[in-house]
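Results of the structural survey
Each chain, written out:
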Amino acid sequence: MGILSRRRKEPQPAVRSVVAAAQPMAGPDVRRAQSARAPQTTEAWQKEAWYFFDAVGEVRGPLVWIANAVSQADVHATDIDPDTGKPTGPSDDTRAQAIANQVLGGPARRASLLKVAALCWQVAGEVWIIVKPTPPRAGVPQPDEWLVLASSRVKPKGSGADIKWTYRSPLTGVDVELEPEARLFRVWSPHPEDPIKADSAMRPALPICREIETTSQNITARLQSRLAVAGILFLAEELEFPLGDHDTTTAAILDVLLEAAETGIRQPGTAAGVVPIGVTAPGELIASDGMAKLVDFATEMNAQVLELRQDALRRLAATLDMPKDVAEGTQGESNHWSAWQVEESTYKIFIEPLLQAIGDGLTTEWYRPALVAAGVTDAAGAERKELGWDTTAIVARPDDRETLESAYDKVLISDDFWLAESGLPEDAKPDPEERTRRLLEKWVSGAPTLLADPAVAAALGIEVTVDPAAAGVAGAGAQEIEGSQAPDNVRALPTTQAQEPAAEAVPDGLVAAAEILVAAALDRAGGRLLTNQNRGQFKSIARQELYKHIRPTSMDGMVEIRFADTVAEAFGWSPAALKGGLGTYVERLLQTGADVSRDEIRWYLR
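Note that the structure is predicted; figures quoted are calculated from it, not measured.

Summed over all chains, the structure comprises 22 salt bridges. Across the salt bridge formed by Glu126 and Arg186, the nearest N and O atoms sit 2.4 Å from each other. Of this pair, Glu126 sits in strand 4 (residues 126-132) while Arg186 is found in strand 9 (residues 183-188), placing the two residues 60 residues apart along the sequence. Grouping residues by exposure puts Glu126 and Arg186 together as buried. Between Glu600 and Arg588 there is a salt bridge, with the nearest N and O atoms lying 3.1 Å from each other. Remark: Arg588 occurs in helix 19 (residues 575-592) and Glu600 occurs in helix 20 (residues 598-605); sequence separation between them is twelve residues. Here the salt bridges share partners, and the residues they tie into one network are Lys132, Glu145 and Glu179.

Put into structure tokens, the structure is as follows:
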């Protein structure tokens, strides 16, 4: 049986401020509906609104677009903060989530019913919802049956406490009397002047729709007048033309004209459509253009009528409760969102209030009573839960790939987050061996001297021949990678970084001075790594340490070794060798985020 058929105690309604009104019309809580009040029936403006929904495509199109977007929302149970009264996010209560999952017929029917609810809300300003308990099957309880109907499909019989309701079945089209155990409630947008009445943007749009219909009828009538009668052709009696089977010259000429026209249509591209028809007439008739006269009965197309209709369409777009480009049908031309996805601002202004209104009504009239009936919580606890909407499928975000790449390069987001935000599957991640190889390739592309390490070369599957003379100041020998000659600006390195240089090759004082140059270079690079977006995140970190937290997206202009000439001259060292070695080392630090090592400085200078 349905959840609500097992309820024992009726919870008291919460006093909350909502964007819509909800009222039970039949079911366990019907006493709260003030049944003495006359039941609401469809008003004349609502009937006219539905008529124009069917008759004017410029009305139907944008309303269906909004409804399609709304239908993509998914529902979940949400906890409410007792202090602020605001939702705190999806609830951890699995039973509350399971009950929320049954809303609007469950996942299988929710999208279609939400679309109907959105259309009813936009056109007539109200939607009627029926929840019918379903009998068990083979002793197994079944979920409730949900119906979403327009107000014109629900009718009352009687009044007061004896009121009964019938509804038009959407499957059979037959009027059905509402079962006593079923729940019927109305969710509507209150009119500011009379809150019991429904209101929608279609109400002020009705005069505009009439203008659109009238101008369209005028244009249609003008077109039909051109097609119905082609006018009267007056021919002079003096015309001479073979009569053939006809009694008059006029009939004979018209017969020839019709035959020529039919031939031109059947055989396009032939001479029949362009060769003139010869008729003999007195010269004075030809000179005075008095041979024939055509009287056209067709009504001239009036450009003002077309402009009136276009102006009415512009006013309609400004009146409907939706973005102007959606109302005009140009949303596909003005942005890059998909057929039904919307910008976040559009969702907040136009779609969120609609979903919130429907959600508030469902929460008050079904969800909270269902929680109590199922024993999930008591009436007081039920007031701390409501239905929320997951709009991931509705709201399309701008392409933030560049921001993601920057954050990922700066180690601000994880691999898993990067994959999820990029829409890539989990199995797209490389295995540890491939990841190591690709990282080494990236480092080596920035610092080719790393290939001197046999372990690095072996991991990359590269054979490296090291110049045995690659020691000391003049160590600018050649190295071969897979048999190819290395660039001239790549210095050969010793076979192992662990090998200590000769004391006289790199003086300790030079290494100490080089360490200061490296620190200064890292300080300047740290200043370039700071941006307006990340400046406030690293206030407590020294600039020369920032490279450990922020990775550069490009090495252009990042490395600058100052005062290298002065230091090299003091130690009798080659300025080019000093600047080149320290530059390569600083570049490697920026790429890897490693700590500064005096031994590594000595190795790079060597």
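Before going further, it helps to examine the pairing of strand 7 (residues 164-168). Consecutive side chains along a regular strand alternate between the two faces of the sheet. Two strands pair when backbone bridges link them, and strand 6 (residues 154-157) and strand 7 are joined in this way by four bridges, in the antiparallel orientation. Each bridged residue has a counterpart across the sheet, and for Lys157 the counterpart in strand 7 is Lys164. Where strand 7 meets strand 8 (residues 175-177), three bridges bridge the pair, whose relative direction is antiparallel. When the bridges of strand 8 are listed, Tyr167 appears paired with Val176. Hairpin connection between strand 7 and strand 8: a loop of six residues separates the two successive antiparallel strands, and Gly173 in this loop has a positive phi of roughly 75°.

A few words on the packing of aromatic side chains. The full count for this structure, using the stated rule, is six aromatic pairs. With a centroid separation of 5.6 Å and 85° between ring planes, the pair formed by Trp50 and Phe53 is classed as edge-to-face. With Trp50 and Phe53 both in helix 1 (residues 44-55) and three residues apart, the pair spans about one turn of that helix. Looking at Phe53, the relative accessible area reads 6%, which means it is buried.

Position of Ser597 among the secondary structure elements: in the loop between helix 19 and helix 20. For Ser597 and Glu515, which are 82 residues apart along the polypeptide, the C-alpha to C-alpha distance reads 8.5 Å. One polar contact links the side chain of Ser597 to the main-chain amide nitrogen of Asp599, over a distance of 3.4 Å.

Moving on, we get to unusual backbone geometry. The backbone of Leu104 sits at a positive phi, close to 55°, despite the residue not being glycine. Mapped onto the elements of the fold, Leu104 is located in the loop between helix 3 (94-100) and helix 4 (107-124). Relative accessible area serves as the criterion here: at 1%, Leu104 is assigned to the buried category.

So, about the packing of helix 17 (residues 508-529) against helix 19. Across the interface, helix 17 lies against helix 19 with an axial gap of 10 Å and an inter-helix angle of 50°. Put simply, helix 17 runs oblique to helix 19. Here the hand of the crossing between helix 17 and helix 19 comes out right-handed. Every residue of helix 19 that contacts helix 17 at Leu510, Ala514, Leu517, Val518, Ala521, Leu522 and Ala525 is listed here: Leu578, Leu582, Tyr585, Val586, Leu589 and Leu590.

Let's shift gears to helix 2 (residues 57-71). For helix 2, spanning 15 residues, the distance from its first C-alpha to its last is 21 Å, which sits close to the expected 21 Å at 1.5 Å a residue. Among the residues making up helix 2, those that are buried are Val59, Pro62, Leu63, Trp65, Ile66, Ala67, Ala69, Val70 and Ser71.

In this section: helix 20. Burial of helix 20 is extensive: six of the eight residues sit out of reach of the surface. Buried within helix 20 are the following residues: Glu600, Ile601, Arg602, Trp603, Tyr604 and Leu605. Summarising the contacts, the buried residues of helix 20 are in contact with helix 17 and helix 19. Structurally, the start of helix 20 carries an N-cap: the backbone nitrogen of Asp599 is 3.4 Å from a side-chain oxygen of Ser597.

For the rest of this paragraph, the subject is the sheet that holds strand 7. Taking strand neighbours across the sheet as the criterion, the three strands line up as 6-7-8 in an open arrangement whose pairing is antiparallel. Sheet topology places strand 6 and strand 8 at the edges, where each strand pairs with a single neighbour. Adjacent strand axes in the sheet meet at a mean angle of 30° when their direction is disregarded.

In this structure, Ile129, Met202, Leu362 and Tyr367 are the most contacted members of the largest nonpolar core, which totals 68 residues. The dominant element in this core, judged by the number of residues it contributes, is helix 11 (residues 344-373), at eleven residues. Ignoring any residue separated from it by four or fewer positions in sequence, one finds Tyr367 in contact with Ala77, Ala96, Ile99, Ala100, Leu362, Lys385, Glu386 and Leu387. Counting 34 residues, the second largest nonpolar core, distinct from the first, contains Ala513, Ala521, Leu578 and Val586.

Parameters and conventions
- Residues numbered from 1 in each chain as written.
- Predicted model: local features only at pLDDT ≥ 70, side-chain atom pairs only at ≥ 80, totals over all residues.
- Heavy atoms only, no water.
- Salt bridge = Lys/Arg side-chain N within 4 Å of Asp/Glu carboxyl O.
- Helix = DSSP H or I, 4+ residues; strand = E, 2+ residues; numbered from the N terminus.
- Buried < 20%, exposed > 50% of the residue type's maximum accessible area, 1.4 Å probe, protein only.
- Pairing = 2+ DSSP bridges.
- Phe/Tyr/Trp six-rings, centres within 6.5 Å; stacked < 30°, edge-to-face > 60°.
- Polar contact = N/O pair within 3.5 Å; in protein donor to acceptor, adjacent residues only side chain to side chain.
- Axes fitted to C-alpha atoms, helices over the stretch in contact; angles between N-to-C directions.
- Parallel < 35°, antiparallel > 145°, perpendicular 65-115°, else oblique.
- Left-handed = near helix turned anticlockwise from the far one by under 90°.
- Contact = heavy atoms within 4.5 Å.
- Expected span 1.5 Å × (residues − 1).
- Core = buried A, V, L, I, M, F, W, Y, C linked by side-chain atoms within 4.5 Å.

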